[in-house]
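Chain by chain, the residues:
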Number of protein chains: 2
Amino acid sequence: MKKLINQPEDFIPEMLRGLYAAHPEYIAPAEGKPACLVRSHKKEGKVALVTGGGSGHLPLFLGYVGEGLLDGCAVGGVFQSPSADDMLTVTRAVEAGRGVLYLLGNYNGDKYNFKMAGDMADMEYDIQTMSVIVGDDVASGPAPEEGETGIRRGVAGIFFVYKCAGAAAWEGMELAEVKAVAEKAAANTRTLGVALTPCTVPRVGRPSFSIAEDEMEIGMGIHGEPGLRRSKLLPADQVAEELVERILTDLPFRRGDTVAVLINGLGGTPLEEQYLVCGKVHQLLGESGICVHRTYVGEYATSLEMAGLSVSLCRLDSELARLLDRPADTPFFHQLEKGGE
Amino acid sequence: MKKLINQPEDFIPEMLRGLYAAHPEYIAPAEGKPACLVRSHKKEGKVALVTGGGSGHLPLFLGYVGEGLLDGCAVGGVFQSPSADDMLTVTRAVEAGRGVLYLLGNYNGDKYNFKMAGDMADMEYDIQTMSVIVGDDVASGPAPEEGETGIRRGVAGIFFVYKCAGAAAWEGMELAEVKAVAEKAAANTRTLGVALTPCTVPRVGRPSFSIAEDEMEIGMGIHGEPGLRRSKLLPADQVAEELVERILTDLPFRRGDTVAVLINGLGGTPLEEQYLVCGKVHQLLGESGICVHRTYVGEYATSLEMAGLSVSLCRLDSELARLLDRPADTPFFHQLEKGGE
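Reading the values: the criteria
- Residues numbered from 1 in each chain as written.
- Chains lettered and ligands numbered in written order.
- Predicted model: local features only at pLDDT ≥ 70, side-chain atom pairs only at ≥ 80, totals over all residues.
- Heavy atoms only, no water.
- Helix = DSSP H or I, 4+ residues; strand = E, 2+ residues; numbered from the N terminus.
- Buried < 20%, exposed > 50% of the residue type's maximum accessible area, 1.4 Å probe, protein only.
- Contact = heavy atoms within 4.5 Å.
- Areas by Shrake-Rupley, 256 points an atom, 1.4 Å probe, with all protein chains shown as cover.
- Lys, Arg positive; Asp, Glu negative; His and termini not counted.
- Charge placed at Lys NZ, Arg CZ, Asp CG, Glu CD.
- Least-squares fit on C-alpha atoms with pLDDT ≥ 70 in both.
- pLDDT = per-residue confidence, 0-100.
- Pairing = 2+ DSSP bridges.
- Buried area = accessible area lost by both parts, 1.4 Å probe.
- Salt bridge = Lys/Arg side-chain N within 4 Å of Asp/Glu carboxyl O.
- Polar contact = N/O pair within 3.5 Å; in protein donor to acceptor, adjacent residues only side chain to side chain.
- Nonpolar A, V, L, I, M, F, W, Y, C, P; charged D, E, K, R; others polar.
- Axes fitted to C-alpha atoms, helices over the stretch in contact; angles between N-to-C directions.
- Parallel < 35°, antiparallel > 145°, perpendicular 65-115°, else oblique.
- Left-handed = near helix turned anticlockwise from the far one by under 90°.
- Expected span 1.5 Å × (residues − 1).
- Arc of directions from axis to C-beta.
- Right-handed = clockwise from strand over helix to strand, strands pointing away.

(A) How the structure looks around the overall build of chain A. Within chain A, the secondary structure is distributed over eight helices and 14 strands. Projected onto its principal axes, the C-alpha positions of chain A cover 55 × 50 × 45 Å. Residues classed as buried in chain A amount to 62% of the 341 residues present. Pairs at least 24 residues apart make up 72% of the contacts formed inside chain A by residues separated by at least 6 positions. Summed over all atoms, the accessible surface of chain A reaches about 11600 Å², with 48% contributed by carbon and sulfur. One way to put it: in chain A the 32 positive side-chain charges average out to a point 1 Å from where the 47 negative ones average out.

In structure tokens form, the structure reads like this:
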């Protein structure tokens, strides 16, 4: 295990210390609890958005707390759900008179704890909460039935849900309207990734799985959950073709659709490779008659130092495109009004 | 070599294809040459800023071309200087009537080629050029004498030079004034890093150096140049102490100074570790009576998938602080007006 850390058990507290030191203009701990991260300038009179999840995925989850995006995040240990108590603390801190929407990935610990936090917020503090559970990873099970959550895991595509719902809340929409936007973004987002190397959780001290020097795994989850298939490492173009084809046929995306693209590095893969894959993805989408509205490339949801990347597509209607284009400003994500200058 | 690439010789052309596909609103190839990257919306009537260097360091160098920052970048092969011809093409494309300032790292190939490009721009096209050569890496030689370039290599701290000079040009300063700002930023910036793993240049196909599983190297360059010392991997706090102490004593930074901090990931090190080190750096600066004006954490100058990070400090006077705080917007770097909201 080759990491710039001190004691493994101090990894997340010490990371949070650095976060608050670096970004005091953006974020602060609610009630002095570092794991309860909220905006340092509370915005009154809007629907509040809260997320949460395990650490080890920066900038996910906490990195999207800021202007035009989320209001708070409960921070768990590495790959561990935050506690319901911390979720409740965040909920109480960010609630601004118009209710709280929870946006979370489809993981049992997070779902269970957010459910409990929401119940406590309702019963003890009379705070209305709603939840949208995101499961964008096409590798992790069949597509859910209409109105069901299903078993698909949430991965990098949750960014699109955050971004659209965040802008909707900032525009002044009501809780149920913001929830509907989040559900629409989630329903139209699909992600598939490829992993080349494992990562090591500091307190475990050994890689989360083993994979040969010449192998890759399509569809591996961001905690090392098994993927669709393992094979010899293929050229990037072939990998991109498989990812795009599986994504397109899943929703399905159709000729004439407009999408946003996210090429997401898993932590250890250089930006150069992400852009190389991005070029192929754009070519394939063009050949499929799909129009790209805008493209994001970089690390949006990682798995510590895992090498690999994921491709996410979000099908946009005019409302989602407008919301996606709205400005936002967090420690990890900054977007100016489109068109600029 | 475990990379998402196709043929190694296509690595950079295919990366550039993806870059232009992802960011057409920001960047375009000058004269149709992908290695000659310029802003897609030329800004007239300002001093133009040009950089250039080898690939493999994203977001360095090309990632800082955009509003409030640079106007163009000549893109070399992996760890190779761009050609003087490409630098000249960029120079001609971005020149907007008030001269061109070259900002480059202190590497012989880049210096030689930029010198030639500047001479050709002057003689053949009557374009005035000036250069500022950045050598911020305290590990790579003694501090230069006043007015000398010295032998120190340029690394992540060049970001501060870009940012301040970029804002100065955007404010409308003259060529000599922008050059003076860049020189001041360069003279007040110091960087030191630590490497934990090597990286592999695609066309070489094997790691650039070897280092044991329990070793680190303080001061290694971003092309794997030898550092100050190699030792057993130490706890992050001890590494941070060594980096900060060597940086502080070099300039030297003094009690009461105000600085900007850059914690820069070299490619393979998770953001979590960068923030953990950031927390310790802030603590050490506080104990030294040094005030932090603002902090940047993330990948600003990488070495493909190398694990490790660097710490840069830039001592600010009121002019540099003002320029650093100005907004900027490039594919890789977005900064809103400070104070926000």
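(B) The arrangement of unusual backbone geometry in detail. Omega for the bond connecting Leu58(A) with Pro59(A) falls within 30 degrees of zero, at 10°, which places this linkage in the cis form. Secondary-structure assignment places Pro59(A) in the loop between strand 3 (48-55) and strand 4 (72-78). Positioned with a positive phi, Glu31(B) is a non-glycine residue whose angle comes to about 50°. Structurally, Glu31(B) is set in the loop between strand 1 (27-30) and strand 2 (33-39). Backbone geometry at Leu304(B) places phi at a positive 50°, although glycine is not the residue there. With respect to the secondary-structure elements, Leu304(B) resides in the loop between strand 11 (291-298) and strand 12 (308-315). For Leu304(B), a relative accessible area of 1% translates into the label buried.

(C) Representation of the relation of the copies chain A and chain B. In the superposition of chain A on chain B (RMSD 0.0 Å, axial shift 0.0 Å), the rotation amounts to 180°. When the rotation and shift are considered jointly, the pair of chain copies conforms to a two-fold rotation axis. By C-alpha distance to the rotation axis, the residue of chain A lying nearest is Gly268(A), at 2.2 Å.

(D) Broad picture of helix 8 (residues 318-325) of chain A. For helix 8 of chain A, the set of buried residues is Leu320(A), Ala321(A), Leu323(A), Leu324(A) and Asp325(A). For helix 8 of chain A, the elements touching its buried residues are helix 4 (158-171), helix 5 (175-187), strand 10 (258-265), strand 11 (291-298), strand 12 (308-315) and strand 14 (334-335) of chain A.

(E) Seen up close, the confidence of the model for chain A. Averaged over all residues, the pLDDT of chain A is 96; the fraction at 70 or higher stands at 99%. Of the two predicted TM-score estimates for the complex, the pTM is 0.97 and the ipTM is 0.97.

(F) Spotlight on the pairing of strand 11 of chain B. Looking at chain direction, strand 10 (residues 258-265) of chain B and strand 11 of chain B are connected through seven bridges and run parallel. Bridge pairing in strand 11 of chain B places Ala260(B) opposite Arg294(B).

(G) Region of the structure containing the interface of chain A and chain B. Of the residues lining the interface, 62 residues belong to chain A; the matching set on chain B comes to 62 residues. Of the roughly 5400 Å² buried at the junction of chain A and chain B (both faces included), carbon and sulfur atoms supply 59%. Broken down residue by residue, the surface that chain A buries against chain B is led by Lys2(A), Leu4(A) and Glu272(A), which jointly contribute 18%. Along the contact surface separating chain A from chain B lie zero salt bridges. Summed over the shared surface of chain A and chain B, the result is 24 residue pairs in polar contact (both at pLDDT 80 or more). For the side of chain A that touches chain B, the leading source of residues is helix 7 (residues 271-287) of chain A, giving eleven residues. Grouping the amino acids of the side of chain A that touches chain B by side-chain chemistry returns 30 nonpolar, 14 polar and 18 charged.

(H) Focus on the pattern of salt bridges. In the structure shown here, the tally under the stated rule is 44 salt bridges over all chains. When the shortest N-O distance is used, the salt bridge between Arg294(B) and Asp325(B) registers 2.8 Å. Linking Arg294(B) in strand 11 with Asp325(B) in helix 8 (residues 318-325), this pair joins segments that are 31 residues apart in sequence. Asp325(B) shares its class with Arg294(B); the two are buried. Salt bridges here are not isolated pairs; linked through shared partners, they connect Glu31(A), Lys33(A) and Arg92(A).

(I) The environment of Gly63(B), seen in detail. All names here are of chain B. For Gly 63, the position within the fold is in the loop between strand 3 (48-55) and strand 4 (72-78). Taking the relative accessible area as the measure of exposure, Gly 63 reaches 0% and is therefore buried. Remark: the alpha-carbon pair of Gly 63 and Met 173, spanning 110 residues in sequence, is separated by 23 Å. Setting aside chain neighbours within four positions, we find Gly 63 in contact with Thr 330, Pro 331, Phe 332 and Phe 333.

(J) The arrangement of the packing of helix 4 of chain A against helix 5 of chain A in detail. Residue and element names in this part refer to chain A. It is the contact of helix 4 with helix 5, at a shortest axis distance of 8 Å, that shows an interaxial angle of 155°. When the interaxial angle is binned, helix 4 and helix 5 end up roughly antiparallel. Between helix 4 and helix 5 lies a crossing whose hand is right-handed. For the pair helix 4 and helix 5, the contacting residues are Phe 160, Val 161, Cys 164, Ala 165, Ala 168 and Ala 169 in the first and Val 178, Val 181, Ala 182, Ala 185 and Ala 186 in the second. Along the lines of polarity and charge, the residues of the contact of helix 4 with helix 5 split into eleven nonpolar, no polar and no charged.

(K) Representation of helix 3 (residues 108-125) of chain B in the model. All names here are of chain B. With 18 residues, helix 3 extends 25 Å from end C-alpha to end C-alpha; this agrees with the ideal 26 Å at 1.5 Å per step. Every buried residue belonging to helix 3 is among Asp 110, Asn 113, Phe 114, Ala 117, Gly 118, Met 120 and Ala 121, and all of these are buried. Down the axis of helix 3, the sector holding all buried residues measures 165°, keeping them to one side. What points out from helix 3, more than 90 degrees from its buried face, is the exposed set Asn 108, Tyr 112, Lys 115 and Met 123. Where helix 3 is buried, its residues contact strand 3, helix 2 (84-94), strand 5 (100-105) and strand 6 (129-134). Taken from the residues just after helix 3, Asp 126 is the one with a positive phi, measuring 55°.

(L) Geometry of the pairing of strand 5 of chain B. Residue and element names in this part refer to chain B. Taking burial as the measure, the six residues of strand 5 include six buried ones, the bulk of the element. Residues Val 100, Tyr 102 and Leu 104 of strand 5 are buried on one face, and the alternating residues Leu 101, Leu 103 and Gly 105, pointing to the opposite face, are buried as well. The sheet contact formed by strand 3 and strand 5 spans three bridges and is parallel. Within the sheet, the bridge partner assigned to Leu 49 lies in strand 5 and is Leu 101. The sheet contact formed by strand 5 and strand 6 spans six bridges and is parallel. If you follow Tyr 102 over to strand 6, its bridge partner there is Ser 131. Note that the unit made of strand 5, helix 3 and strand 6 has a crossover that is right-handed.

(M) Region of interest: the sheet that holds strand 1 (residues 27-30) of chain A. Residues and elements named next belong to chain A. An order of 1-2-4-3-5-6 is seen for the six strands of this open sheet, with the pairing classed as mixed. At either end of the open sheet lies a strand with only one pairing partner, and these are strand 1 and strand 6 (129-134). Within the sheet, the average angular offset between the axes of one strand and its neighbour, ignoring direction, is 30°. Across three bridges, the pairing between strand 2 (residues 33-39) and strand 4 is antiparallel. Of the residues in strand 4, the one forming a bridge with Cys 36 is Ala 74.

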